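# Analysis of the macromolecular model
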Amino acid sequence: MIFKHDVIIVGAGLAGLRAAMEVAGGTDAALLSKVYPTRSHSGAAQGGIAAALGNEEPDFWEWHMYDTVKGGDYLTDQDVAEILAKDAVRAVYELEHMGVPFNRTPEGKIAQRAFGGHTRGFGEAAVKRACYAADRSGRVILDTLYFEGVRKGLKIYPEFHMLDLVMKDNRVVGLVAYELATGEVHFFHCRAVLLATGGYGKVFKTTSNAFASTGDGVYLAYRAGIPLEDMEFVQFHPTGIYGLGVLISEAARGEGGVLRNHPGESFMERYAPTIKDLAARDVVSRAIATEILEGRGINGRDYVHLDLTQLGEKKLAEKLSDITSFVKIYLGIDAATELIPVAPTCHYMMGGIQTGIHGRVLDLGQNPVPGLYAAGECSCLSLHGANRLGCNSLLDLVVFGRRAGATILEDLEGLSWDDPPAHPDKGVQDRIRSLKEKRGGEKYGRIRSALQEMMTRNCSIFRTEQSLTRALTEVRSLQEQYKTVAIDNLGVRYNTDLLEALELEFLLGLAETIVVSALGRKESRGAHFRDDYPERDDTNYLKHTLAQKTDDGPRLSSKPVTITIFVPKPRTY
Amino acid sequence: MDMKFRIFRFDPEVDGEPRYQEYTVSAEPGERILDCLNRIKWEQDGTLSYRMSCAHGVCGSDGMRINGACALACQKLVKEYADTKVTLEPLPFFRVLKDLTVDVNAFLDGIMYFRPWLITLSDPPEKERPQSQEDAKRVEEVIRCILCACCTGACPVMQENPYYVGPAALVWAFRHVFDSRDEQKIERLKQLDFADGVWPCVNHFECTRVCPKKIPVTKCINTLKREIETTVKRS
């Protein structure tokens with residue numbers, strides 16, 4: 001079928017929903033989601049949303065901006081960080097007015113708690129800036145925005161999976177989507193597409209990300225010729241449940257939890273003397289990995305302990321009840337009395353589709369691609385730089401989701417209805433047919449596991465020229481093997497076998513851009529740490545990486561970082 | 001260890017009748033039932049359909065019947081079923097779309113019916129609407145709902161009366177009836193006060209037993225009934 005809407009938003013997490021609310025009523029907009037909207041991965045965010053409300057102690061947006069820039073190891077574009085920090089207060093009050101059930105202070109204000117990398121006085125000490133609803137902050141905001149969207153009459157296509165972005169003469173004319181319920185391939189003709197498709201943590205073996213986090217929008221934009229930015233920066237969250245990767249929020253440390261090595265030492269004091277366990281995530285993850293490498297993991301193994309025993313049952317129940325239940329369910333551990341085994345888990349992608357401050361996707365010449373917009377984790381606004389701070393992601397989604405929606409409304413008048421190319425869905429139809437016709441080929445599950453293990457081994461917290469070169473060889477070999485993939489399911493209804501096979505192309509392509517971008521950055525900055533280049537090198541690498549698709553793989557170029565107020569200086573916590 | 005599964009299979013467009021298919025997979029005791037399902041699908045039989053996403057009990061996609069009890073496949077561990085064959089079936093009461101995938105649209109419509117959003121008539125203040133810690137605590141348990149539909153699937157009343165709005169819709173109604181910021185409490189209570197509204201619940205407690213987020217669902221429904229009795233009926 002052919003569907004026609006002025007605006008198509010892809011992804012029903014917080015960025016997509018917030019953008020949708022902005023355009024709803026102003027134009028004919030529709031929202032596509034590969035899952036039912038309330039299953040979106042924004043819902044897995046636990047700890048909170050940052051804003052300098054000053055409800056618990058004095059706080060100022062300037063401090064928040066500084067922390068964001070420093071957290072990003074000065075790769076953050078400072079004009080973007082300024083927008084975020086200034087708009088945060090309004091954004092959080094807006095969510096409260098919509099009904100988000102935040103925890104409260106004794107005076108009835110929104111409660112706030114400490115979080116990694118958020119400080120007062122430009123790094124003096126930790127500050128309570130994270131607004132939260134227990135440890136299910138993302139979920140309650142997601143539900144609130146979803147039902148608010150429904151209330152506004154938003155048109156939603158649930159379980160519609162985007163499989164191609166359709167461009168003509170370097171502008172967007174629509175997209176191709178697969179309907180899970182029927183197996184039909186549809187063309188969505190539109191004047192504007194907003195990509196809000198989230199991250200791609202599934203490139204790695206151990207991740208806090210959902211199965212749906214396969215970077216569909218990022219890869220499809222890249223395949224359509226859009227440059228990806230800063231792909232080498234992958235955030236490993238310090239505290240995933242050992243073995244599973246399920247997230248234990250930084251809020252656990254914000255509320256007083258401490259990391260301990262085998263001898264029981266609270267080792268973060270050595271790595272970040274000022275704010276210790278509340279240092280930025282890359283710093284804490286590297287510290288854990290170092291403890292493990294130096295033999296101080298628990299019983300010499302590859303994990304450390306998170307100690308929440310001093311928090312007490314009441315605090316755990318009121319503020320951290322979900323994570324308390326996760327460790328009970330998956331490990332049989334009582335967080336009030338026992339230590340929790342944790343290890344870093346792939347959590348967030350700082351890199352993504354090159355996007356300007358108004359949400360417009362940019363081409364290599366820094367010009368907007370007509371009709372194409374991006375928001376949320378799939379975009380790279382250069383807000384999080386080389387490492388994102390906790391609680392800045394939910395904030396990013398609602399602040400820049402809203403801005404992207406507003407930009408689309410503003411631009412729409414100048415965006416004409418262009419005829420799509422003939423048979424815009426042909427590529428997707430052919431690909432599906434060839435997958436279904438192939439017999440006895442390779443299973444996607446095996447190739448995907450090989451990719452995830454290989455990336456975890458070679459391209460995680462510590463990287464070297466050697467490990468990355470090996471990763472590149474292996475990813476290209478897996479890309480070759482992928483060409484032989486066959487599937488079991490030839491049916492039309494809820495054929496997730498087919499979709500998982502298609503998603504693997506996206507994961508492989510994104511892994512390649514991560515590895516190539518990481519090879520290009522011969523320094524250590526934020527989440528990108530090179531054992532062979534352990535220092536930050538502002539002379540040569542204070543710049544963003546751009547990766548453009550060519551027949552020979554990603555071609556790298558760079559662009560400058562926007563620095564307005566905070567001059568780069570050594571980063572210590 | 002080897003785990004034996006017996007899984008409900010049905011494609012309504014192709015199959016006349018549902019059937020059960022048997023599989024054996026090796027699994028570690030600490031793994032999830034969802035891990036086993038994935039292993040079956042990825043290694044043995046890609047035709048199997050089920051929903052999943054976050055895999056740790058937050059997104060609410062993988063509600064199903066595991067050995068007769070509604071639960072999330074990502075929250076149940078292999079070791080809980082060590083000596084038994086595990087039967088996996090779709091959530092009862094819901095229309096089957098394929099295998100373990102069910103139609104949730106009517107379920108979501110039921111929740112929408114009670115307007116699951118904050119309704120205020122006054123303009124918002126410049127900052128937050130104040131709320132005491134005590135008032136926030138009233139909804140602390142119900143805001144855990146992840147819309148997984150286990151409660152509705154497990155409810156014996158739903159089986160007899162498909163028009164009953166069901167436990168999940170009532171949990172969402174509770175959330176806004178008792179949100180001190182909402183300004184339509186009486187209207188909301190009146191809306192709940194009808195034959196297929198809050199009253200069909202007769203305290204089987206199945207919803208409460210199966211809720212993966214440990215929401216005291218039955219207690220919430222009883223609180224709503226009492227509130228209607230004392231607030232609406234009295235006025």
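The structure contained in this document is the topic of the report that follows. (Residues numbered from 1 in each chain as written. Chains lettered and ligands numbered in written order. Predicted model: local features only at pLDDT ≥ 70, side-chain atom pairs only at ≥ 80, totals over all residues. Heavy atoms only, no water.)

### Here we look at the overall build of chain A
Heads up, the condition is: Starting at the N terminus, helices and strands are each numbered in turn, a helix being any DSSP run of H or I of at least four residues and a strand any DSSP run of E of at least two. When we talk radius of gyration, it's over C-alpha atoms, and the globule rule is simply 2.2 Å times the number of residues to the 0.38. In what follows, residue pairs with any heavy atoms lying within 4.5 Å of each other are defined as contacts. Computed with a 1.4 Å probe, the accessible areas rest on the Shrake-Rupley method; for each residue, only the protein chains presented here act as cover. The charged-residue count follows a simple rule in which Lys and Arg add positive charge and Asp and Glu add negative charge, with His and chain termini not counted at all. By convention, the point assigned to a charge is CZ for Arg, NZ for Lys, CD for Glu and CG for Asp.
In terms of regular secondary structure, chain A is built from 16 helices and 24 strands. At 22 Å, chain A has a C-alpha radius of gyration in line with the 25 Å of a compact globule built from 573 residues. In terms of principal-axis extent, the alpha carbons of chain A reach across some 65 × 50 × 50 Å. Here the analysis covers contacts within chain A between residues at least 6 apart in sequence; of these, 74% occur between residues at least 24 apart. Accessible surface, chain A: about 17800 Å² in total, of which carbon and sulfur atoms supply 50%. Here chain A contributes 66 positively and 74 negatively charged side chains, and the mean placements of these two sets differ by 2 Å.

### With respect to the interface of chain A and chain B
Note the cut-off: Each salt bridge in this description consists of a side-chain nitrogen of Lys or Arg and a carboxyl oxygen of Asp or Glu lying within 4 Å of one another. As used in this structure description, the phrase polar contact means that two N or O atoms lie within 3.5 Å; if the pair is within protein, one of them must be able to donate a hydrogen and the other to accept it, and residues adjacent in sequence are counted only when both atoms belong to side chains.
Of the residues lining the interface, 54 residues belong to chain A; the matching set on chain B comes to 66 residues. Counting every contact that joins chain A to chain B gives seven salt bridges. Notably, a salt bridge pairs B:D11 with A:R493, separated by 3.3 Å at the nearest N-O pair. Inspection of the chain A/chain B interface yields 33 residue pairs in polar contact (both at pLDDT 80 or more). Taken together, the elements giving at least two residues each to the side of chain A that touches chain B come down to α3 (78-98), α4 (137-151), α10 (321-331), α13 (444-458) and α15 (496-520) of chain A.

### Details of the sheet that holds strand β9 (residues 171-179) of chain A
Residues and elements named next belong to chain A. What counts, and what does not: DSSP bridges decide pairing: two strands pair if at least two such bridges lie between them. Convention adopted: a line fitted to C-alpha atoms gives each axis, helices being fitted over their contacting stretch, and angles between N-to-C directions are expressed from 0 to 180 degrees.
One open sheet holds the four strands; their spatial order is β1-β10-β9-β8, and the pairing between them is mixed. For this open sheet the edge positions go to β1 (2-4) and β8 (160-168), each flanked by a neighbour on one side alone. Between one strand axis and the next, the sheet turns through 25° on average, direction left out of account. Here β8 runs beside β9; their pairing, made up of eight bridges, is antiparallel. Within β9, the position partnered with K168 by the bridge is R171. With respect to the sheet, α15 is in contact with β8 and β9, its orientation differing from that of β8 by roughly 45°.

### A few points about the packing of helix α5 (residues 216-223) of chain A against α15(A)
All names here are of chain A. Applicable threshold: To sort the angles, those under 35 degrees are grouped as roughly parallel, those over 145 as roughly antiparallel, those from 65 to 115 as roughly perpendicular, and the leftovers as oblique. Any residue that is not Ala, Val, Leu, Ile, Met, Phe, Trp, Tyr, Cys, Pro, Asp, Glu, Lys or Arg is counted as polar, Gly included; the first ten are nonpolar and the last four charged.
Following both chains from N to C, one finds α5 and α15 inclined at 70°, their axes separated by 9 Å at the closest point. Taken together, the axis directions place α5 and α15 in an arrangement best described as roughly perpendicular. Residues D216, V218, Y219, L220, Y222 and R223 of α5 form the contact with α15, whose own contacting residues are E503, E505, F506, G509, L510 and T513. Partitioned by chemical class, the residues of the contact of α5 with α15 number six nonpolar, two polar and four charged.

### A few points about the nonpolar core
Put simply, the rule reads: Think of a nonpolar core as a cluster: buried Ala, Val, Leu, Ile, Met, Phe, Trp, Tyr and Cys residues, connected wherever their side-chain atoms sit within 4.5 Å. Burial status follows relative accessibility: with a 1.4 Å probe on protein chains alone, a residue under 20% of its type maximum counts as buried, one over 50% as exposed, and anything between as partly exposed. Domain borders in the structure are assigned automatically or taken from a domain database.
Core analysis: the largest hydrophobic core is formed by 189 residues, its most contacted members being A:I49, B:F5, B:L37, B:L88 and B:L192. It is α3(A) that contributes the most residues to this core, eleven residues altogether. There are two domains that each give this core at least three residues, and those are domain 1 (2-102) and domain 2 (105-232) of chain B. Dropping the residues within four chain positions of it, B:L37 is found in contact with B:I7, B:L48, B:Y50, B:M64, B:A73, B:L88 and B:L100.

### Looking at the environment of A:T545
All names here are of chain A. Assignment of secondary structure puts T545 in strand β23 (residues 543-550). T545 sits in the buried class, given a relative accessible area of 8%. Every residue in contact with T545, bar those within four places of it in the chain, is listed here: L228, E229, D230, E232, S517, R521, L556 and S557. Engagement of the side chain of T545 in a polar contact is seen with the side chain of E232, the distance being 2.6 Å.

### Quick look at the layout of surface pockets
Selection rule: Only protein atoms enter the 1 Å grid, on which a cavity is a set of points fitting a 1.4 Å probe that cannot get out and a pocket is an open set with protein on both sides within 12 Å along at least 5 of 7 lines, lining residues being those with an atom within 4 Å of a point. Grid points are joined across faces, edges and corners, and a volume is the space filled by probe spheres set on the points.
In this structure, the second largest pocket spans a volume of roughly 680 Å³. Around the second largest pocket sit 33 residues that line it, and A:S325, A:I329, B:P212, B:K213 and B:K214 are the ones nearest its centre. Residue assignment for the lining of the second largest pocket shows that the elements contributing at least two residues are α9 (312-319) and α10 of chain A together with β4 (69-72) and α8 (206-210) of chain B. A total of six residues in the lining of the second largest pocket trace back to one element, the largest contributor, which is α10(A). Taken together, the residues of the lining of the second largest pocket break down into 16 nonpolar, four polar and 13 charged. Looking at which domains feed residues into the lining of the second largest pocket, each of domain 1 (2-102) and domain 2 (105-232) of chain B gives three or more.

### What about the state of the cysteines?
What we call a disulfide is simply a covalent bond connecting the sulfur atoms of a pair of cysteines. Short version of the rule: In what follows, a disulfide is any cysteine sulfur pair within 2.5 Å.
In the structure shown here, the tally under the stated rule is zero disulfides over all chains. In this model A:C380 remains outside any disulfide bridge; the closest cysteine sulfur is found in A:C378, 11 Å from its own. Cysteine B:C150 shares no disulfide, and the gap to the nearest cysteine sulfur, in B:C148, comes to 3.7 Å. Given the relative accessible area of 0%, B:C150 is considered buried.

### Looking at the packing of aromatic side chains
Aromatic ring pairs are reported here in terms of the distance separating the ring centres and the angle at which the planes meet. Applicable threshold: Only rings of Phe, Tyr and Trp enter the pairing, Trp through its six-membered ring, and a pair is recorded when the two centres are within 6.5 Å. The plane angle decides the type: under 30 degrees is stacked, over 60 is edge-to-face, the rest tilted.
Applying the stated criterion to the full structure yields 25 aromatic pairs over all chains. Judged by centre distance (5.4 Å) and plane angle (85°), the ring pair of A:Y66 and A:F122 falls under edge-to-face. Remark: A:F122 occurs in the loop between β5 (112-120) and β6 (125-131) and A:Y66 occurs in helix α2 (residues 61-71); sequence separation between them is 56 residues. Since its relative accessible area comes to 40%, A:F122 is described here as partly exposed. Considering the side-chain rings of B:Y113 and B:F114, the 5.1 Å spacing of their centres and the 75° angle between planes classify their relative orientation as edge-to-face. A relative accessible area of 44% means that B:Y113 is categorised as partly exposed. Looking at B:F114, the relative accessible area reads 3%, which means it is buried. Linked through ring pairs, A:F3, A:Y157, A:F160 and A:F188 together constitute an aromatic cluster.

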